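# A look at the structure
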Amino acid sequence: MKIFFIALLSFCFVNCRQSDQNKSVGHLKSKTTYVANKSYVQIKDSIAVNRKRLSVKYPSFSSFNTKESIREISDYWVNTLSNDLYNKWQNTPWDFNGTTTEPNKGAIACGYFVTTILRDMDLKISRNKLAICPSSIMMKSLTPHQKIKNLSYLSYPEFEEALSVSGKGVYIIGLDFHTGFIINDGLENWFIHSNYIGRKGVMKEAVSKSSALRSSKTRWIISLTNDKDFLFRWLKA
């Protein structure tokens, strides 16, 4: 009888746990579907609301300047840029003269892709002016107090290692004739860009497999999310 009672309790525990897990999975699927079904305008509106919410949460530089708050905002940038915004822009065609402001309507050049994404992250910038600048000028404009890192001298494996060591965050990279975002999501390094090679357009590829990165002799990089001045300026835009 005692053995039967213990077995019955075990059975109930397992089934209850499986039920809770199923509910959790179902909730996750529902949330994912909801995000996927958002229009691009709704995503941009949501970003603006979240920026204002964070601005209220961190009203001063001193309240913002902690490891926890900077990590929170940095993670928000990583997740929003590499998922919500990118998923809408994926496969938008590349063109040298492409200036579209809407995903998959027209074409977009690499510089315009970078500045459009930044604008849609609710950053107050001159989208057109920065898009046609040399990438080094654009990067200096965005992070004037940060020294641009020149990683051109590194072998490609060393370059990949340097990105990993730099840590989770959003970066902008300037190549010979190209630019885009490097995203370190804490597990992998990704290159998000409007790819001119084969006119592939907007794509997200592992840094280890990117022909555009490998073929460039120039690799200049800045960090957006490790730059406290940049993040605080975004908060208070």
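Relevant structure appears above.
What counts, and where the lines are drawn
- Residues numbered from 1 in each chain as written.
- Predicted model: local features only at pLDDT ≥ 70, side-chain atom pairs only at ≥ 80, totals over all residues.
- Heavy atoms only, no water.
- Helix = DSSP H or I, 4+ residues; strand = E, 2+ residues; numbered from the N terminus.
- Buried < 20%, exposed > 50% of the residue type's maximum accessible area, 1.4 Å probe, protein only.
- Contact = heavy atoms within 4.5 Å.
- Areas by Shrake-Rupley, 256 points an atom, 1.4 Å probe, with all protein chains shown as cover.
- Salt bridge = Lys/Arg side-chain N within 4 Å of Asp/Glu carboxyl O.
- Pairing = 2+ DSSP bridges.
- Axes fitted to C-alpha atoms, helices over the stretch in contact; angles between N-to-C directions.
- Arc of directions from axis to C-beta.

Further remarks concern the overall build of the chain. Counting its secondary structure elements, the chain contains 10 helices and six strands. Among the 237 residues that make up the chain, the fraction classed as buried is 43%. Taking contacts inside the chain between residues at least 6 apart in sequence as the whole, the part at least 24 apart equals 59%. Carbon and sulfur atoms form 58% of the exposed surface of the chain, whose accessible area is close to 13100 Å².

Turning to the pattern of salt bridges, a few remarks are in order. The final tally for this structure, using the stated rule, is seven salt bridges. Salt-bridge contacts for K57 lead to E72; the nearest nitrogen and oxygen are separated by 3.1 Å. In this pair, K57 is assigned in helix α2 (residues 40-57) and E72 in helix α4 (residues 67-89), connecting sequence segments 15 residues apart. Under the relative-accessibility criterion, K57 is labelled partly exposed at 45%.

Within the element layout of this structure, K236 appears in the segment after α10 (228-235). Residue K236 is classed as partly exposed on the basis of its relative accessible area, which comes to 35%. When the C-alpha atoms of K236 and P59 are compared, they prove to be 8.5 Å apart, with 177 residues separating the residues in sequence. Apart from the residues lying within four places of it in its own chain, the contact partners of K236 are R51, S55, Y58 and P59.

A separate point is the sheet that holds strand β5 (residues 201-206). Pairing in this open sheet of six strands is antiparallel, and the strands run β1-β6-β2-β3-β4-β5 from one edge to the other. Here the strands that pair on one side only, and so sit at the sheet edges, are β1 (149-150) and β5. Examined bridge by bridge, strand β2 (residues 169-174) and strand β6 (residues 220-223) share four bridges and lie antiparallel to one another. Bridge pairing in β6 places I172 opposite I222. Where helix α7 (residues 135-142) meets the sheet, its contacts fall on β2, β3 (179-184) and β6, and the angle it forms with β2 comes to roughly 145 degrees.

We now examine helix α8 (residues 156-166). For α8, the full list of buried residues reads Y156, F159 and L163. Taken end-on, α8 shows its buried residues confined to a sector of 55 degrees, consistent with a single buried face. Turned more than 90 degrees away from the buried face of α8 sit P157 and V165, all of them exposed. Buried residues in α8 make contact with β2, β3, β4 (189-195), α9 (211-215) and β6.

To continue, consider the environment of L163. Relative to the helices and strands, L163 is located in helix α8. Residues L163 and I183, spaced 20 residues apart in sequence, show a C-alpha to C-alpha distance of 9.2 Å. With residues near it in sequence (within four places) discarded, L163 still touches I182, N184, N189, V207 and I221.

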